[in-house]
Amino acid sequence: MRYAFSVPCRTQPSDHELIQIVDAALADSARRSGEWLVCRTGCAQCCVGVFAINQLDATRLRQGLAALEKQDKERAAMVRARARRSWSRLAPDFPGDSVSGILSDSKTSKLAFVNFANDEPCPALDPLTQACDLYQTRPLTCRVFGPPVRSENGLGTCELCFRGATESEIAECEMAVDPDDIESDLLQQAEHDTGITGETIVAFCLAT
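Please read these numbers as outputs of a predicted model, since none were measured by experiment. (Residues numbered from 1 in each chain as written. Predicted model: local features only at pLDDT ≥ 70, side-chain atom pairs only at ≥ 80, totals over all residues. Heavy atoms only, no water.)

### Quick word on unusual backbone geometry
Its identity as a non-glycine residue notwithstanding, A117 has a phi of 50°, on the positive side. Looking at the secondary structure, you find A117 in the loop between helix 4 (107-114) and helix 5 (140-144). Here the phi dihedral of D181 falls at roughly 55°; this positive angle occurs in a residue that is not glycine. Considering the arrangement of structural elements, one finds D181 in the loop between helix 6 (167-171) and helix 7 (182-194). On the basis of relative accessible area, D181 is assigned to the partly exposed category, the value being 41%. (Helix = DSSP H or I, 4+ residues; strand = E, 2+ residues; numbered from the N terminus. Buried < 20%, exposed > 50% of the residue type's maximum accessible area, 1.4 Å probe, protein only.)

Given below as structure tokens:
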């Protein structure tokens with residue numbers, strides 16, 4: 001008698017699993033960093049200045065705002081109002097398509113974005129508490145800012161952290177953000193589901 005064995009298909013990790021992996025990596029890096037990592041609630045320097053987010057980040061942020069609207073309508077309304085005011089300030093000089101909110105990938109636009117709105121606070125930032133109103137669904141850029149993270153430019157940290165630490169001490173605290181590159185597959189799926197490709201910014205994402 002022959003027996004048929006079915007091999008279970010490996011399902012693609014979810015965004016929730018990606019966040020768990022990144023947050024665990026952050027916790028591990030924070031443990032090794034000790035007092036060198038000075039990031040605390042109320043320290044919002046990294047929340048000022050516009051940065052690019054991908055469509056996976058945008059989807060997560062919109063889901064976070066929708067959840068907040070069910071829990072605290074007034075607080076959610078304030079986030080959306082801040083986003084709309086921010087976008088109204090940014091749209092005229094936005095280095096991309098101000099209708100779709102997608103940043104241009106041209107060389108000229110990329111250079112313009114380097115100095116674009118560096119003094120603009122994130123609309124998710126509560127100006128009174130200096131805390132993020134969408135902290136649980138914040139972009140990956142926000143989740144990895146502070147500890148040593150490797151990029152094409154080398155190992156970088158927040159300028160407020162690791163003061164007095166040597167290069168080798170900093171390297172020992174490196175955060176392995178997404179070693180299996182789960183984000184790439186999830187981003188491709190998010191772009192397929194939304195029909196939108198390219199990077200945007202938080203203000204546009206939360207204002208529309």
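### Digging into the nonpolar core
Among the nonpolar cores identified, the biggest contains 27 residues, and W87, L90, L134, I201 and L206 are the most heavily contacted of them. Going through the elements one at a time, helix 2 (55-71), helix 3 (73-90) and helix 8 (202-207) are the ones with two or more residues in this core. If you tally residues by element for this core, the top one is helix 8, at six residues. Counting 15 residues, the second largest nonpolar core, distinct from the first, contains L26, L56, I182 and A190. (Core = buried A, V, L, I, M, F, W, Y, C linked by side-chain atoms within 4.5 Å.)

### Details of the packing of aromatic side chains
Enumeration over the complete set of coordinates arrives at five aromatic pairs. With 5.1 Å between their ring centres and 70° between their planes, W87 and F204 make a pair best called edge-to-face. Taken together, the residues span a long stretch of sequence, with W87 in helix 3 and F204 in helix 8 at a distance of 117 residues. Since its relative accessible area comes to 11%, W87 is described here as buried. Members of the aromatic cluster, connected to one another through ring pairs, are W87, F94, F113, F116 and F204. Directly above the aromatic system of Y135 lies the positively charged group of R138, at a separation of 3.7 Å from the ring centroid. (Phe/Tyr/Trp six-rings, centres within 6.5 Å; stacked < 30°, edge-to-face > 60°. Lys NZ or Arg CZ within 6 Å of the ring centre and 35° of its normal.)

### Looking at the pattern of salt bridges
The full count for this structure, using the stated rule, is ten salt bridges. Of the charged contacts, one joins D28 and R31 as a salt bridge, the two residues approaching to 2.7 Å between their closest N and O atoms. With D28 and R31 both in helix 1 (residues 15-33) and three residues apart, this pair spans about one turn of that helix. The salt bridge partner of R82 is D133, with a shortest N-O separation of 2.9 Å. Here the residue R82 occupies a position in helix 3, and D133 occupies one in the loop between helix 4 and helix 5, the gap between them amounting to 51 residues. Of the two residues, R82 and D133, neither departs from the other in class, the shared state being buried. Members of the salt-bridge network, linked through shared partners, are D15, D57 and R60. (Salt bridge = Lys/Arg side-chain N within 4 Å of Asp/Glu carboxyl O.)

### Comments concerning helix 1
Taking 1.5 Å per residue as the helical rise, helix 1 with its 19 residues ought to reach 27 Å, and the 26 Å between its terminal C-alpha atoms agrees with that figure. Taken together, the buried positions of helix 1 are occupied by D15, L18, I19, V22, A25, L26, S29 and S33. Projected onto a plane normal to the axis of helix 1, the buried residues spread over an arc of 130° and lie on a single side. Facing away from the buried side of helix 1 by over 90 degrees, the exposed positions are H16 and R31. Once helix 1 finishes, G34 follows within two positions and takes phi at roughly 60°, a positive value. (Expected span 1.5 Å × (residues − 1). Arc of directions from axis to C-beta.)

### Examining the side chain of T200
Its place among the elements puts T200 in the loop between helix 7 and helix 8. There is a polar contact of 2.7 Å between the side chain of T200 and the backbone oxygen of G101. With sequence-adjacent residues up to four places away left out, T200 is seen in contact with F51, A52, I53, Q55, A58, G101 and L103. (Polar contact = N/O pair within 3.5 Å; in protein donor to acceptor, adjacent residues only side chain to side chain. Contact = heavy atoms within 4.5 Å.)

### Quick word on helix 2
The terminal C-alpha atoms of helix 2, which comprises 17 residues, lie 24 Å apart, in line with the 24 Å expected from a rise of 1.5 Å per residue. Residues of helix 2 that are buried: Q55, L56, D57, A58, R60, L61, G64, L65 and L68. For helix 2, the side-chain oxygen to backbone nitrogen distance between the N-cap and L56 is 3.0 Å, and the N-cap itself is N54.

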